[in-house]
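# Notes for the structure review
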Amino acid sequence: MTGFGFNILGFGSSAGPPAVEIPTDTLINNLQNRSQISASTYIGNGGTLIIPANFWLWSTNTTYSTLTVDVDGATIENNGNIVGRGGAAGGSPGGNAINITGSGVTIINASGAYIAGGGGGGRTGNPNGPGGGGAGGGSASASSPDLGNPSPNAPDGNWSGYYYSGGRGGGAGGGAGSTALSPGSGAKGGWVLPGSGSSNAPGYGGYPYGGAGGSAGNQGTQGGASGGRYGAGGGGGWGANGGSNGQGTTGGTGGKAIEDNGNTYTLSNSGTIYGATT
Amino acid sequence: MTKTTTYTWQGKVFDTEAKAQEEASSSVSKIQKDFSNTCSVIAVETDIKKYSAFIISQANRLTSHPKDLSDDDPRKFSFYCQGSDNHLPVSALKVKTLHREEFDNYINKKNIKKIQKSTFPTRLLTAKDEDETLKNGEEIVDEILFCKAEFIYG
């Protein structure tokens, strides 16, 4: 018996530090979640960090990657959703989902799990039509995530009796662009995985249409051009660029799923990844 | 009502179709380069210590054109182009097929083969605020012209 117990203890100590499951912050839409983190907050060198199924790991800002793996030899086991922040309307780039700064890192993306860069924002049109926000909540004014929900419609409206087209019909991926007279607004990006694209924002009164928001992994479409005016681009789907405006000015770049910063790492993917992995 | 006609290709506006066609023809190599920049092809190694895992290193990024890969190249690759799925691992032959498909998708999605001809009231060029919308009797006519430039893979 003593020998048996000794062996078990020996096995446990040779297996390295125990795996740590990331704890949730306050639920959003009844979904477990946490905003941007560093792995070193939870694990040390050689440790394993587990993201549970249906858990959303997200970022408040495109400046910050959602998960920074700053631990050597770390293993990240993702069973949920790790997503970068969507770029704001107007052509802002989307944020990265994972940022690897440690060496010897392993990323395991399990079946049914997602790693997705934020979508790029659609480029502004002329006159005054904002682009759509990228998937991942891209919007100049959006700060809190509406996890699990698609991009809402931006309002239509009229100005001094003349109709303009707002960025209607934003999809679960990127939001549609707008061809609005001021103060029109493009739709912000959605928080659904994988997420469908939206339809074009209709043009009124001779205005060209705003580009459609992209579905997951797909670029927002280009805005229309007509009569010397050009529509805004749609927001990019997860990991994809925002749409160009009708003049051809490109939208924001999509965020990476994994930024390796030149570090060699190991990837095992049985789930879905949107965006570049290097 | 005075009218203006413009020809737009990839967001650039010209006053004649010939100028738009010339711009497209002179942009062929740039567009091929832009496409290549959206793609990442990296030779990967199997991580023998983990199940179905592959080691990714930017040092193994493919620097030659994927079309030049040998069909029986034994290496496995990570393949990704903007707008495509991530593929890991794939054979050299599959990389060649995927890369060609993504090039065709890129050309189609960017509307590169279209020139838009627009005829509209000249006053719209300088109109502001509510005058920017069309008045009774005014119209904008848009036509799509075929771009003659050939965007050949490779």
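Residues numbered from 1 in each chain as written. Chains lettered and ligands numbered in written order. Predicted model: local features only at pLDDT ≥ 70, side-chain atom pairs only at ≥ 80, totals over all residues.

### Looking at the overall build of chain B
Along the backbone of chain B there are 3 helices and 8 strands. Helices and strands appear in chain B in the N-to-C order β-β-α-α-β-β-β-β-α-β-β. Relative to its length of 154 residues, chain B is extended, with a C-alpha radius of gyration of 23 Å against a globular reference of 15 Å. Taking the principal axes of its C-alpha atoms as reference, chain B extends roughly 75 × 30 × 20 Å. Expressed as a percentage of the 154 residues in chain B, the buried residues total 28%. (Helix = DSSP H or I, 4+ residues; strand = E, 2+ residues; numbered from the N terminus. Rg over C-alpha atoms; globule rule 2.2 N^0.38 Å. Buried ≥ 20, exposed ≤ 12 C-beta atoms within 10 Å, placed from the backbone.)

### A few points about the interface of chain B and chain A
Listed as interface residues are 36 residues of chain B and, on the opposing side, 34 residues of chain A. Secondary-structure elements contributing two or more residues to the side of chain B that touches chain A are β3 (39-46), β4 (54-56), β5 (76-81) and β7 (114-121) of chain B. Within the side of chain B that touches chain A, the residues separate by chemical class into 13 nonpolar, 15 polar and 8 charged. Bridge count between strand β17 (residues 265-269) of chain A and β4 of chain B: 3 bridges; the pairing is antiparallel. The residue bridging tyrosine 265 of chain A from the neighbouring strand is isoleucine 56 of chain B, located in β4 of chain B. (Contact = placed C-beta atoms within 7 Å. Nonpolar A, V, L, I, M, F, W, Y, C, P; charged D, E, K, R; others polar. Pairing = 2+ DSSP bridges.)

### Here's the deal with the domain arrangement of chain B
For chain B, the domain assignment lists domain 1 (3-29 + 113-146) and domain 2 (32-109). Once you take the C-alpha centre of each, domain 1 of chain B and domain 2 of chain B turn out to be 39 Å apart. (Domains from an automatic or database assignment.)

### Some details on the environment of lysine 110 of chain B
Counting through the fold element by element, lysine 110 of chain B comes out in the loop between α3 (92-109) and β7. With 20 residues separating them along the chain, lysine 110 of chain B and valine 90 of chain B place their C-alpha atoms 27 Å apart.

### Let's talk about the pairing of strand β8 (residues 141-146) of chain B
All names here are of chain B. With 0 of 6 residues buried, β8 lies mostly on the surface of the structure. Relative to β8, β7 runs antiparallel, the two being bridged by 6 bridges. Each residue of the ladder has a partner; that of serine 118, found in β8, is aspartate 142.

### Notes on the nonpolar core
If you look at the biggest cluster of nonpolar residues, it comprises 60 residues, and the most contacted ones within it are Val69, Ala97, Ile98, Ile115, Ala116 and Ala257 of chain A. With sequence-adjacent residues up to four places away left out, isoleucine 115 of chain A is seen in contact with Asn78, Ile82, Ala97, Ile98, Asn109, Ala257, Ile258 and Ile273 of chain A. (Core = buried A, V, L, I, M, F, W, Y, C linked by C-beta atoms within 7 Å.)

### Considering the sheet that holds β7 of chain B
All names here are of chain B. Taking strand neighbours across the sheet as the criterion, the 4 strands line up as β2-β1-β7-β8 in an open arrangement whose pairing is antiparallel. Looking at the sheet topology across the chains shown, the edges are occupied by β2 (12-14) and β8. Averaged over all neighbouring strand pairs, the angle between strand axes comes to 30 degrees, with direction disregarded. Against the sheet, helix α1 (residues 17-26) touches β1 (3-9), β2, β7 and β8, its axis set at about 10 degrees to β1. (Axes fitted to C-alpha atoms, helices over the stretch in contact; angles between N-to-C directions.)

### Details of the sheet that holds strand β11 (residues 114-116) of chain A
All names here are of chain A. Spatial ordering of the open sheet is given by β2-β5-β8-β11-β18, a layout of 5 strands whose pairing is parallel. Each end of this open sheet is capped by a strand with a single partner; those strands are β2 (33-35) and β18 (272-274). Neighbour to neighbour, the strand axes of the sheet diverge by 10 degrees on average, direction disregarded. Pairing geometry for strand β8 (residues 81-83) and β11, over 3 bridges, is parallel. Paired with valine 83 across the strands is alanine 116, a residue of β11.

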